[in-house]
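Each chain, written out:
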Amino acid sequence: MIIGLTGGIGSGKTAVSDIFHNFGIDIIDADVSSRSVVEKGQPALVDIQDHFGNDVLDSQNNLDRAKLREIIFQDPQERVWLEELLHPKIAQHIKDQLEASKSPYCILVSPLLLETEQKNFCSSVLVVDVPEELQISRTLKRDGVSEEQIKSIIAAQIDREQRLEQADQIIINDGSLEELKKKILVLHTKYLDQC
Ligand code: ATP
């Protein structure tokens, strides 16, 4: 059984997955997969370099993710090109990790779960949700970036209502970490029953 865990920026995906991990559940992180497929020596990095030129590499010949982000932010066609290149490779990487999992069920955590084919791997979708004010204040505290930047990331992500509509379960992460742990223990017990 694979539970897909998603939520907006700063909603608490990592906090939630850390708690499941402490209960012995394997966590497969789509962000880790998306970084792995563009590591030095990976075919996708060669394709990216051929397409965008050496400007997207840093002095160590690693992908300059900020530079690439800047390019695709300004050009939707380039964004589509990049997504068509990377999404199948990320999906394959995730699939390999899911198949290697040994815990009674596992969690696939991904900010893009609902926007990509990644949701097709999952038996059910768990959304972690917070009021936007809290989402912004927690992200501000964590990242020290501007409120404007956070709001533009929220605007670029799937709409909160649409995300919630696709949820099988919702965790409202508006309390303390202790409260979050209690909510997750209830879900964990339920998931174990379903295995
Ligand atoms: P991103 O999509 O940006 O990776 P995320 O959804 O993984 O974010 P977290 O990093 O888990 O979000 O949480 C954002 C911040 O809020 C972190 O600093 C985290 O420690 C804090 N946080 C999460 N949940 C709680 C909580 N219940 N109480 C207090 N702080 C929390």
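Above this note sits the structure.
Residues numbered from 1 in each chain as written. Predicted model: local features only at pLDDT ≥ 70, side-chain atom pairs only at ≥ 80, totals over all residues. Heavy atoms only, no water.

Peer 1: An account of the pairing of strand E1 (residues 2-6) is requested, with residue identities and associated values reported.
Peer 2: Counting buried positions along E1 yields five of five residues, so the element is predominantly enclosed. By the alternation rule, side chains of E1 split into Ile2, Gly4 and Thr6 and Ile3 and Leu5, which are all buried. Across four bridges, E1 lies against strand E3 (residues 106-109) in parallel orientation. Residue pairing across strands places leucine 5 opposite valine 109, the latter belonging to E3. Bridging between E1 and strand E4 (residues 124-129) involves four bridges; their strand directions are parallel. By the bridge assignment, isoleucine 3 is partnered in E4 with serine 124. (Buried < 20%, exposed > 50% of the residue type's maximum accessible area, 1.4 Å probe, protein only. Helix = DSSP H or I, 4+ residues; strand = E, 2+ residues; numbered from the N terminus. Pairing = 2+ DSSP bridges.)

Peer 1: Explain the site of the ligand to me, using residue names and the numbers behind them.
Peer 2: As a matter of local geometry, the ligand sits amid 14 residues, with Lys13, Thr14, Ala15, Arg142 and Asn173 nearest to it. Measuring from a nitrogen atom of the ligand, one finds a backbone N or O atom of glycine 175 at 2.9 Å. Protein contact buries 75% of the 630 Å² of open area that the ligand shows by itself. Of all the secondary-structure elements, those providing two or more residues to the shell around the ligand are helix H1 (13-22) and helix H6 (132-143). Per-element tally for the shell around the ligand: the top contributor is H1, with three residues. (Near = heavy atom within 4 Å. Polar contact = N/O pair within 3.5 Å; in protein donor to acceptor, adjacent residues only side chain to side chain. Areas by Shrake-Rupley, 256 points an atom, 1.4 Å probe, with all protein chains shown as cover.)

Peer 1: Can you tell me about the packing of H1 against helix H9 (residues 177-194), naming the residues and giving the values?
Peer 2: The relative placement of two packed helices is expressed as an angle between their axes plus a distance between the axes. The N-to-C vectors of H1 and H9 enclose an angle of 55°; their axes lie 10 Å apart at closest approach. By the angle between their directions, the pair H1 and H9 is classed as oblique. The interaxial crossing formed by H1 with H9 has right-handed handedness. Of the residues in H9, those touching H1 at Ala15, Val16, Ile19 and Phe20 are Leu177, Leu180, Lys181, Ile184, Leu187, His188 and Tyr191. Across the contact of H1 with H9, the residue classes break down as nine nonpolar, one polar and one charged. (Axes fitted to C-alpha atoms, helices over the stretch in contact; angles between N-to-C directions. Parallel < 35°, antiparallel > 145°, perpendicular 65-115°, else oblique. Left-handed = near helix turned anticlockwise from the far one by under 90°. Contact = heavy atoms within 4.5 Å. Nonpolar A, V, L, I, M, F, W, Y, C, P; charged D, E, K, R; others polar.)

Peer 1: Could you give me a rundown of helix H3 (residues 43-52), with the residues and numbers involved?
Peer 2: Listed as buried for H3 are Ala44, Leu45, Ile48 and Phe52. Down the axis of H3, the smallest arc covering the buried residues is 100°, so these residues share one side. Of the surrounding elements, those touching the buried residues of H3 are helix H4 (65-74) and helix H5 (76-100). A positive phi of about 90° marks glycine 53, the residue just after H3. (Arc of directions from axis to C-beta.)

Peer 1: Got a sec to walk through the pattern of salt bridges? Specific residues and values, please.
Peer 2: For the coordinates displayed, the defined rule picks out five salt bridges. Where lysine 151 meets glutamate 147, a salt bridge forms, and the shortest distance between an N and an O atom there is 3.4 Å. With lysine 151 and glutamate 147 both in helix H7 (residues 147-156) and four residues apart, this pair spans about one turn of that helix. (Salt bridge = Lys/Arg side-chain N within 4 Å of Asp/Glu carboxyl O.)

Peer 1: Let's hear about the sheet that holds E1: which residues, and what values?
Peer 2: Pairing within the open sheet is parallel, and its five strands lie in the order E2-E3-E1-E4-E5. With partners counted over all chains shown, the strands left at the sheet margins are strand E2 (26-29) and strand E5 (169-172), one partner each. Adjacent strand axes in the sheet meet at a mean angle of 25°, parallel and antiparallel pairs treated alike. Along the sheet face, H1 touches E1, E2, E3, E4 and E5 and points at about 150° away from the line of E1. Sheet contacts for H9: E1, E4 and E5; angle to E5, the most-contacted strand, approximately 165°.

By themselves, these figures tell us nothing about what the structure is for.
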